[in-house]
Amino acid sequence: MAQLNYHHLRYFWAIAHQRSLTKAAQQLHVSQSALSIQLKQLEERLGHQLFERRNRQLVLTEAGRIALAYADSIFQAGEELIGTLKHQAPRRRQVLRVGSVATLSRNFQLQLLRPLIGRADVELVLHSATQRELLAQLAAHTLDLVLSNQPAPRDAATGWHSHLLAQQSASLVAQAALGRGRLRFPEALREHPVVLPGTASSLRAAFDLAMDQAGIRPQVLAEVDDMAMLRLMARESAGLTLLPPVVVRDELKSGVLVERCRIAQMQESFFAISPARRFPNPLVRELLAKPLTMRARR
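Within each chain, residue numbers correspond to sequence positions counted from 1 in written order. In keeping with the predicted nature of the model, local features appear solely for residues at pLDDT of at least 70, side-chain atom pairs appear and are counted solely at 80 or more, and the whole-chain, interface and lining totals rest on all residues. Just so you know, side-chain values use all the structure's heavy atoms and leave hydrogens and water out.

Chemist: I'd like a rundown of the side chain of Ser 20, residues and numbers included.
Modeler: Along the chain, Ser 20 turns up in the loop between helix H1 (6-18) and helix H2 (21-28). Two N or O atoms count as a polar contact when they lie within 3.5 Å, although within protein this holds only if one can serve as hydrogen donor and the other as acceptor, and sequence-adjacent residues are included solely when both atoms are side-chain atoms. Polar contacts involving the side chain of Ser 20 include one to the main-chain amide nitrogen of Thr 22, which spans 3.2 Å. Segments assigned H or I by DSSP are reported as helices when at least four residues long, segments assigned E as strands when at least two residues long, and all are numbered from the N terminus.

Here is the structure:
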C-alpha cells in the first residue's frame, strides 16, 4: 500500500488554515494550479473529498475536518520532537468542543464533563448559545456535541442523534428563612408568588398547563431564560422558584434553599445531541458511555 505523501498533507494543512488556495499558495511559494493538483492527489489517496465550495469559499467536509485534526497532530508532533530533544514539556492534547443551551443547568454540565476536566491529554472548549445556533455549528463541524434540555428535530437531512442522559422531577424551592414546610402543588400557587423559567423551557410549558387546568393565575415575580440567573434569583427571591433541583444542588446541600415541593409529574430532560458522522470524536463516545446519576441533596 502506498504511503501517505506528507508534502501533500502539508499543502492541505496550509489551505485549511488559510481557508484560501491563493493565500496558501503565497505562503508555500507555489502556484495555485500546482497546489490544486497536490490537493486532488491527497483526496484520491484518502478516498474522500476534503473541501467543498460554498459561496466562493472553501469549507472543510467532515473528512476534511478529521484530516485537519490529524494533520495538526502530526505537525505538532514534529514540533514536540524538537522540543523533547531540547528538554521542553510536550503539549499534545485531544480537543472536545461542546455547545450548551443557556437553559441547561451548569451543575448538570459540570457533572457530565467532570471525567474529562483536569485531564492532561484533553482540552475542553465550551460554548453557549441557542439550540438552533448550536445545531448549525454542529452541522458545520465546529462542535462535536451539543447539550440541551430538548431533543433535536430529526429529519433525513440532518440525522441528529439525541441521547437521553437523565431526567429529574422539577421542584419549587425557596429561601430557608421564609419557611420549611411542605407545600401542595398546585394549590400553593394561589398565595405564593413564583419565579419561573422562560417560555422556551419545557418545564414552563408544563407549569402553564397545570395552572390552566387548576384555574390558578399565579403571581409571577420574574421569568428567566438562563439557568445560572434562575439559580441566583432563587437565592434572592421572596417567593418560590420552579427549577430542576440539580440547578441549586449546592444551595440545597448547604441549607440556603429548601425544597418546598417536588412535582413528580413535571420532568426536566437532559440530552446530548451528536451528528451521524462517519468519523466521530472519540471523546464523545467516551463521555456518553459513562453512566450519569442525577444528584440533588435536599
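There's more to say after this.
Chemist: Outline the packing of H1 against H2, listing residues and values.
Modeler: The contact between H1 and H2 brings their axes to 8 Å, and the two run at 130°. By the criterion of interaxial angle, the relationship of H1 to H2 is oblique. In this structure, H1 crosses over H2, and the sense of that crossing is right-handed. Between H1, through Tyr 11, Ala 14, Ile 15 and Gln 18, and H2, the contact on the second element is made entirely by Leu 21, Lys 23, Ala 24, Gln 27 and Leu 28. In this classification, the charged set is Asp, Glu, Lys and Arg, the nonpolar set is Ala, Val, Leu, Ile, Met, Phe, Trp, Tyr, Cys and Pro, and all remaining amino acids, among them Gly, are polar. Of the residues belonging to the contact of H1 with H2, the class tally is six nonpolar, two polar and one charged. Lines fitted to the C-alpha atoms define the axes, with helices restricted to the stretch that makes contact. Angles between their N-to-C directions range from 0 to 180 degrees. Any angle between 65 and 115 degrees counts as roughly perpendicular, while under 35 counts as roughly parallel, over 145 as roughly antiparallel, and the rest as oblique. For a crossing to be left-handed, the near helix must be turned anticlockwise from the far one by less than a right angle; the clockwise case is right-handed. Between two residues, a contact is recorded if the distance between any of their heavy atoms is within 4.5 Å.

Chemist: An account of the environment of Glu 236 is requested, with residue identities and associated values reported.
Modeler: Positionally, Glu 236 belongs in helix H8 (residues 227-236). Three labels apply to residues, based on accessible area from a 1.4 Å probe with only protein chains included: buried if under 20% of the type maximum, exposed if over 50%, partly exposed otherwise in between. Judged by its relative accessible area of 64%, Glu 236 falls in the exposed class. On a C-alpha basis, the gap between Glu 236 and Ala 174 in space is 9.1 Å, while along the polypeptide they are 62 residues apart.

Chemist: Go over the side chain of Glu 268 with me, naming the residues and quoting the values.
Modeler: By the element assignment, Glu 268 lies in strand E10 (residues 257-274). For the purpose of charge, His is not counted, nor are the chain termini; Lys and Arg are scored as positive and Asp and Glu as negative. Salt bridge, as applied in this entry: a Lys or Arg side-chain nitrogen positioned within 4 Å of an Asp or Glu carboxyl oxygen. Although Glu 268 lies buried, it forms no salt bridge, and the closest oppositely charged side chain, Arg 106, sits 10 Å away as judged by the N-O distance. When sequence neighbours within four positions are dropped, the list of residues in contact with Glu 268 reads Thr 103, Asn 149, Ala 166, Gln 167, Gln 168, Ser 202, Leu 203, Met 227 and Pro 244.

Chemist: So what's going on with the pattern of salt bridges? Which residues, and what values?
Modeler: All chains considered together, the criterion is met by 13 salt bridges. Here Arg 204 and Glu 223 are joined by a salt bridge, their closest N and O atoms 3.0 Å apart. Taken together, the residues span a long stretch of sequence, with Arg 204 in helix H7 (residues 202-214) and Glu 223 in strand E8 (residues 220-224) at a distance of 19 residues. Look at Arg 204 and you get buried, because its relative accessible area is 8%. Since its relative accessible area comes to 48%, Glu 223 is described here as partly exposed. Connected via shared salt-bridge partners are Arg 231, Arg 235, Arg 249, Asp 250 and Glu 251.

Chemist: Run through H1, naming residues and quoting values.
Modeler: Residues that lie three or four places apart on an α-helix share one face, since the helix turns once every 3.6 residues. Any helix carries an expected span of 1.5 Å times its number of residues minus one. Compared with an ideal rise of 1.5 Å per residue, which puts 13 residues at 18 Å, H1 spans 18 Å between its outermost C-alpha atoms and is within 8% of the ideal. What H1 keeps buried is the set His 8, Leu 9, Tyr 11, Phe 12, Ala 14, Ile 15 and Ala 16. Where H1 begins, the capping side chain belongs to Asn 5, and its oxygen is found 2.9 Å from the backbone nitrogen of His 7.

Chemist: Describe in detail the sheet that holds E8, supporting the description with residues and values.
Modeler: Picture the strands of a sheet paired through backbone hydrogen bonds; they go either parallel or antiparallel. Taken in spatial order, the eight strands of this open sheet run E4-E3-E5-E10-E6-E9-E7-E8, and their pairing is mixed. Edge strands, defined here as strands with exactly one partner in the open sheet, are strand E4 (122-129) and E8. Across the sheet, the mean angle separating the axes of adjacent strands is 20° when strand polarity is ignored. One ladder, built from three bridges, connects strand E3 (residues 94-101) with strand E5 (residues 145-148); its direction is parallel. The residue of E5 that forms the bridge with Val 98 is Leu 145. Sitting on the sheet, helix H5 (residues 106-113) is in contact with E3, E4, E5, strand E6 (161-175) and E10, with an inclination near 155° to E3. Each of E6, strand E7 (194-197), E8, strand E9 (240-243) and E10 is contacted by H7, which is oriented at about 135° to E10, the strand it contacts most. Pairing between two strands is assigned when DSSP locates at least 2 bridges connecting them.

Chemist: Any details on the environment of Cys 261? Residues and values, ideally.
Modeler: Note on placement: Cys 261 falls in strand E10. Given a relative accessible area of 6%, Cys 261 falls into the buried group. For the pair Cys 261 and Leu 230, spaced 31 residues apart in sequence, the C-alpha to C-alpha distance is 17 Å. Discounting residues that sit within four places of it in the chain, Cys 261 has contacts with Ala 170, Ser 171, Leu 172, Arg 182, Leu 183 and Phe 185.

Chemist: I'd like to hear about the packing of H1 against helix H3 (residues 32-46), residue by residue, with values.
Modeler: Two elements in contact, H1 and H3, have axes separated by 9 Å at closest approach and are oriented at 110°. Between H1 and H3, the angle falls in the class roughly perpendicular. As for the relative orientation of H1 and H3, their crossing is left-handed in sense. Residues His 8, Leu 9, Tyr 11, Phe 12 and Ile 15 of H1 pack against Leu 35, Gln 38, Leu 39, Gln 41 and Leu 42 of H3. Here the residues of the contact of H1 with H3 are counted per class, giving seven nonpolar, three polar and no charged.

Chemist: So what about the pairing of strand E1 (residues 51-54)? Which residues, and what values?
Modeler: Bridge count for E1 against strand E2 (residues 57-60) is four bridges, and the pairing is antiparallel. What sits directly across from Glu 52, in E2, is Val 59. Between E1 and E2, which pair antiparallel in sequence order, lie two residues; one of them, Asn 55, sits at a positive phi of approximately 50°.

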